[in-house]
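The residues making up each chain are set out below.
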Amino acid sequence: MTEPNFPRIQDTPLSLDALLTGSERDDCGALAVFAGTVRNHHEGKPVAHLVYTAHAALADKMIRGIEQEIAAKHGVPVCRVVHRIGALAIGESAILAVVRAPHRAEAFAALRAVVDAVKHRVPIWKEEFYTDGSSAFVTGCCIAEDAAQPHEDDAGHDHRHHDHGHQHA
């Protein structure tokens, strides 16, 4: 897979069209897309906006490596992710991921794997700003070996609880 030359960490609104540019493949019948957007609540508290911070150079390098790892593991020729940093309003995209594959099964599997890997392994932190004027870094995933394997129930709910301050939309 030829690695596209665009930043994986961006401080401007994310573009699905830009992420898809040059990804077309005649051998792929499936395109899977994920967009993680900022929601207006977290654990019952109304959220006004978020701020994502990152070690941008390291995060960019790690995302590129994860893309290659997931593409090889799932046999998909296209696997791309971009993540936003800076202040984000409710409804804005924090992360976009696209996968192209010959069939839908590997496209869906690779898409979930790449989003989970970025969420759990890349040094990006989310601070929530609440409507009451308070703010907090979201406790969540850590950069640790066990973080790469989510513990989910049949409904897809993640039951891990860590206090290491890194999580995504």
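Engineer: Would you mind showing me how to read the packing of aromatic side chains here?
Structural biologist: Geometrically, a pair of aromatic rings is defined through the distance of the ring centres and the angle of the planes. For the structure shown, the criterion picks out zero aromatic pairs. Directly above the ring of Phe 6 sits Arg 8, whose terminal nitrogen or CZ lies 4.0 Å from the centroid.

Engineer: Is there a simple way to think about a nonpolar patch on the surface in this case?
Structural biologist: Judged by side-chain polarity, Leu 16, Leu 31 and Val 33 come together as a nonpolar surface patch covering roughly 220 Å² of accessible area. Within the fold, Val 33 resides in strand S2 (residues 30–37).

Engineer: Explanation requested: helix H2 (residues 56–74) in the structure shown.
Structural biologist: Structural remark: α-helix, 3.6 residues per turn; residues separated by three or four positions point the same way. With 19 residues, H2 should reach 27 Å at 1.5 Å per residue; the first-to-last C-alpha distance of 27 Å fits that figure. Turning to H2, its buried residues number three or more, namely Ala 59, Asp 60, Ile 63, Arg 64, Ile 66, Glu 67, Ile 70 and Ala 71. Projected onto a plane normal to the axis of H2, the buried residues spread over an arc of 160 degrees and lie on a single side. More than 90 degrees from the buried face of H2, the exposed residues found are Ala 57, Lys 61, Ala 72 and Lys 73. Each element contacted by the buried residues of H2 is listed here: strand S1 (9–10), strand S4 (45–54), strand S5 (78–84), helix H3 (104–121) and strand S8 (124–130).

Engineer: Quick question: what am I supposed to make of the pattern of salt bridges here?
Structural biologist: Any two side chains of opposite charge can pair, so long as their charged atoms come close to each other. Applying the stated criterion across every chain yields a total of six salt bridges. In this structure, Arg 121 and Glu 69 form a salt bridge, with 2.7 Å as the shortest nitrogen-oxygen distance. Placement of Arg 121 in helix H3 and of Glu 69 in helix H2 is noted, with a sequence separation of 52 residues between them. Note on Arg 121: relative accessible area 24%, which makes it partly exposed. Arg 84 is the partner of Glu 92 in a salt bridge, and the nearest nitrogen-oxygen pair spans 3.0 Å.

Engineer: Help me understand the sheet that holds S1, please; the structure alone is not making it clear to me.
Structural biologist: Hydrogen bonding along the main chain pairs the strands of a sheet, whether they run parallel or antiparallel. Strand order in the open sheet made by the four strands is S1-S5-S7-S2, with mixed pairing throughout. Only two strands of the sheet have a single neighbouring strand rather than two, namely S1 and S2. Where S1 and S5 come together, two bridges link them in parallel fashion. Of the residues in S5, the one forming a bridge with Ile 9 is His 83.

Engineer: Quick question: what am I supposed to make of the confidence of the model for the protein here?
Structural biologist: Residues with a pLDDT of 70 or more make up 80% of the protein, whose mean pLDDT is 86. Per-residue pLDDT stays below 50 along residues 143–169; that stretch engages in 71 contacts with residues further than four places along the chain or on separate chains.

Engineer: What is the right way to read H3 from this model?
Structural biologist: Helix length check: H3 (18 residues) gives 25 Å between terminal C-alpha atoms against 26 Å at 1.5 Å per residue, within 8%. Among the residues of H3, Ala 107, Ala 110, Leu 111, Val 114, Val 115, Asp 116, Ala 117, Val 118 and His 120 are the ones counted as buried. Contacts from the buried residues of H3 go to S2, H2, S5 and strand S7 (93–101).

Calculation rules
- Residues numbered from 1 in each chain as written.
- Predicted model: local features only at pLDDT ≥ 70, side-chain atom pairs only at ≥ 80, totals over all residues.
- Heavy atoms only, no water.
- Phe/Tyr/Trp six-rings, centres within 6.5 Å; stacked < 30°, edge-to-face > 60°.
- Lys NZ or Arg CZ within 6 Å of the ring centre and 35° of its normal.
- Patch = residues over 30% accessible without salt bridge, like charges linked within 9 Å, V, L, I, M, F, W, Y side chains within 5 Å.
- Areas by Shrake-Rupley, 256 points an atom, 1.4 Å probe, with all protein chains shown as cover.
- Salt bridge = Lys/Arg side-chain N within 4 Å of Asp/Glu carboxyl O.
- Helix = DSSP H or I, 4+ residues; strand = E, 2+ residues; numbered from the N terminus.
- Expected span 1.5 Å × (residues − 1).
- Buried < 20%, exposed > 50% of the residue type's maximum accessible area, 1.4 Å probe, protein only.
- Arc of directions from axis to C-beta.
- Contact = heavy atoms within 4.5 Å.
- Pairing = 2+ DSSP bridges.
- pLDDT = per-residue confidence, 0-100.

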